[in-house]
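Observations on the three-dimensional arrangement
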Amino acid sequence: MLLFLHSTNFTVINMNGDYSCGLVLEGGGSRGIFTSGVLDAFIDAGIEFPYVIGVSVGSCNAASFIGKNYRRQHDITINYCNDKRYMSVQSIIKNGQYLNLEWDFGELTYDIMPLDYDTYEKSNTLLCAVATNAKTGKPEYFYPKDLREYGCPYLKASCALPVATRGVEIGGETYFDGGVTDSIPLKRAFEDGCKKAVVILTQVRGFVKQPIKQQRAVRRILKKYPALADAVLSRHEMYNRQLEYIFEQEKKGSCMVIAPARDLNCSAIEKNTDKLERIYQLGLAQGKMKTDEIKAFLKES
């Protein structure tokens, strides 16, 4: 459970292991509250995984799950999505970014809604957080042994949406949201040594991601990072290929997929708390319904 980095450029090397079953968590901003519900059902049922890989808000869900912080992500989303310190036009004026990552991964994460660090560190679960290198436009993978460092740089980087944030600097490199380049990292889980995996999606089965229409605007805003702009504009192709791969693996029995039972009709920056609560309850209900099936899947050799 160590963070391996090359000293020259902080590129993360592979974490080859031998994990009976991994857990793969998609991002999706506010839609991640569906995942929070599923994972709280897992906590209730005593379900654990030796390996968890999360993207964007999926990495935050992963940390709370490993730390057994029941309802932590629910409470962060519901209680603070309308807080001007969390995300707002006022934050753009004051901090230069719509999502105030400094507050989100500072006071909110460490002082107001802290993780159970002792439980996290005693879990024997490997966490992988996915981020995108702004210069190369490629995904990179971080494996934090603990999350006590104030500011939580690895999860912050995984959640740094292009355009909505300035990105996060780690080791002299700038990183953005991992969902730009590896939205549903099942392949990475297999590469890291997982024999099979449970995948939690935040879009319904049958969802097809469409290309971004404002291509010129994206390139103008991200002109400092042309490779990142290319990745943002081609993301729909990557995402749809990943969905095809995931459902192929599901048919083979290599993974088990949990997706919302109905269209969430939820934006990545949703502020309607009634809607968000319904989505959480949907995830909680589906997680409970899947408990026995998940346990049986985990026991299979």
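The structure reproduced in this document is the subject of the present report.

Rules of the game
Residues numbered from 1 in each chain as written. Predicted model: local features only at pLDDT ≥ 70, side-chain atom pairs only at ≥ 80, totals over all residues. Heavy atoms only, no water. Core = buried A, V, L, I, M, F, W, Y, C linked by side-chain atoms within 4.5 Å. Buried < 20%, exposed > 50% of the residue type's maximum accessible area, 1.4 Å probe, protein only. Contact = heavy atoms within 4.5 Å. Helix = DSSP H or I, 4+ residues; strand = E, 2+ residues; numbered from the N terminus. Salt bridge = Lys/Arg side-chain N within 4 Å of Asp/Glu carboxyl O. Axes fitted to C-alpha atoms, helices over the stretch in contact; angles between N-to-C directions. Parallel < 35°, antiparallel > 145°, perpendicular 65-115°, else oblique. Left-handed = near helix turned anticlockwise from the far one by under 90°. Nonpolar A, V, L, I, M, F, W, Y, C, P; charged D, E, K, R; others polar.

With respect to the nonpolar core
Among the nonpolar cores identified, the biggest contains 74 residues, and Leu 23, Phe 42, Phe 49, Leu 147, Val 198 and Ile 200 are the most heavily contacted of them. Excluding anything up to four places from it in sequence, Leu 23 contacts Leu 39, Phe 49, Tyr 51, Val 52, Ile 53, Phe 65, Val 198 and Ile 200. One finds Val 24, Tyr 143, Ala 197 and Ile 246 within the second-largest nonpolar core, a separate group that totals 23 residues.

A short note on helix H3 (residues 72-80)
The element H3 is largely enclosed, with a buried count of seven among its nine residues. Buried within H3 are the following residues: Arg 72, Gln 73, His 74, Ile 76, Thr 77, Ile 78 and Tyr 80.

Overview of the pattern of salt bridges
Evaluation of the coordinates by the stated rule reveals 14 salt bridges. Among the ionic pairs, Asp 18 bridges to Lys 195, the shortest N-O distance being 2.1 Å. Note that Asp 18 is positioned in the segment before strand S1 (22-25) and Lys 195 in the loop between helix H8 (186-191) and strand S7 (197-200), a separation of 177 residues in sequence. Asp 18 sits in the exposed class, given a relative accessible area of 60%. Where Arg 85 meets Asp 83, a salt bridge forms, and the shortest distance between an N and an O atom there is 2.7 Å.

Digging into the packing of H3 against helix H12 (residues 273-299)
Think of two packed helices as two axes; the pair is described by the angle between the axes and how far apart they sit. In the contact formed by H3 and H12, the axes pass within 9 Å of each other and the chain directions differ by 165 degrees. In terms of their interaxial angle, H3 and H12 are classed as roughly antiparallel. Crossing angle aside, the handedness with which H3 passes H12 is right-handed. Facing H3, whose interface residues are His 74, Thr 77 and Ile 78, H12 presents Thr 273, Leu 276, Glu 277 and Tyr 280. Across the contact of H3 with H12, the residue classes tally to three nonpolar, three polar and one charged.

By themselves, these are just geometric observations and shouldn't be taken as functional.
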